[in-house]
Amino acid sequence: MSVDTRHRCLQCGFEASPDDDAWGTIQHPPLGALTQCPECGSTDTMTR
Ligand SMILES: [Zn+2]
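Cut-offs and rules
- Residues numbered from 1 in each chain as written.
- Predicted model: local features only at pLDDT ≥ 70, side-chain atom pairs only at ≥ 80, totals over all residues.
- Buried ≥ 20, exposed ≤ 12 C-beta atoms within 10 Å, placed from the backbone.
- Helix = DSSP H or I, 4+ residues; strand = E, 2+ residues; numbered from the N terminus.
- Pairing = 2+ DSSP bridges.

Going by what an unreviewed UniProt entry lists, the protein is known as Small CPxCG-related zinc finger protein and is assigned to Natronomonas moolapensis.

(A) Local environment of the pairing of strand β3 (residues 24-28). Here β3 lies mainly on the outside; 0 of its 5 residues are buried. Pairing analysis gives 5 bridges linking β3 to strand β4 (residues 32-36), with the strands arranged antiparallel. Bridge pairing in β4 links Gly 24 to Gln 36. The hairpin formed by β3 and β4 contains 3 residues between the paired strands.

What follows is the structure in C-alpha coordinates.
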(Lines give C-alpha, C1' and ligand atoms only; values in the text may rest on other atoms or scores of the structure.)
Protein backbone atom coordinates (compact mmCIF):
# COMPACT_ATOMS: atom_id res chain seq x y z
CA MET A 1 0.00 0.00 0.00
CA SER A 2 1.41 3.40 -0.97
CA VAL A 3 1.82 5.90 1.85
CA ASP A 4 3.59 8.63 -0.08
CA THR A 5 0.49 10.66 -0.89
CA ARG A 6 0.91 14.12 0.59
CA HIS A 7 -1.70 16.73 1.29
CA ARG A 8 -0.24 20.22 0.95
CA CYS A 9 -1.29 23.71 1.97
CA LEU A 10 -0.93 26.07 -0.98
CA GLN A 11 -0.64 29.09 1.32
CA CYS A 12 2.25 28.16 3.63
CA GLY A 13 3.53 24.91 2.16
CA PHE A 14 2.65 22.71 5.13
CA GLU A 15 2.59 19.05 4.14
CA ALA A 16 1.28 15.95 5.86
CA SER A 17 -0.44 12.73 5.01
CA PRO A 18 -4.08 13.38 3.99
CA ASP A 19 -5.30 11.33 6.95
CA ASP A 20 -2.93 12.93 9.46
CA ASP A 21 -4.65 14.18 12.61
CA ALA A 22 -2.89 17.52 12.15
CA TRP A 23 -5.38 18.55 9.47
CA GLY A 24 -8.50 20.25 10.63
CA THR A 25 -11.91 20.06 9.00
CA ILE A 26 -14.39 22.87 8.64
CA GLN A 27 -17.89 22.76 7.24
CA HIS A 28 -18.43 24.93 4.19
CA PRO A 29 -22.13 24.68 3.32
CA PRO A 30 -21.96 24.85 -0.49
CA LEU A 31 -18.92 22.63 -0.72
CA GLY A 32 -19.22 20.29 2.26
CA ALA A 33 -16.28 19.46 4.53
CA LEU A 34 -12.99 21.15 3.69
CA THR A 35 -9.54 20.31 4.96
CA GLN A 36 -7.99 23.16 6.92
CA CYS A 37 -4.27 23.78 7.38
CA PRO A 38 -3.19 23.63 11.05
CA GLU A 39 -0.42 26.15 10.42
CA CYS A 40 -2.18 29.07 8.74
CA GLY A 41 -5.85 28.09 8.82
CA SER A 42 -6.21 28.16 5.05
CA THR A 43 -8.50 25.73 3.27
CA ASP A 44 -6.57 26.21 0.03
CA THR A 45 -5.01 22.74 0.07
CA MET A 46 -4.50 19.95 -2.37
CA THR A 47 -3.55 16.30 -2.47
CA ARG A 48 -0.88 15.22 -4.88
ZN1 LIG B 1 -1.02 26.57 5.63
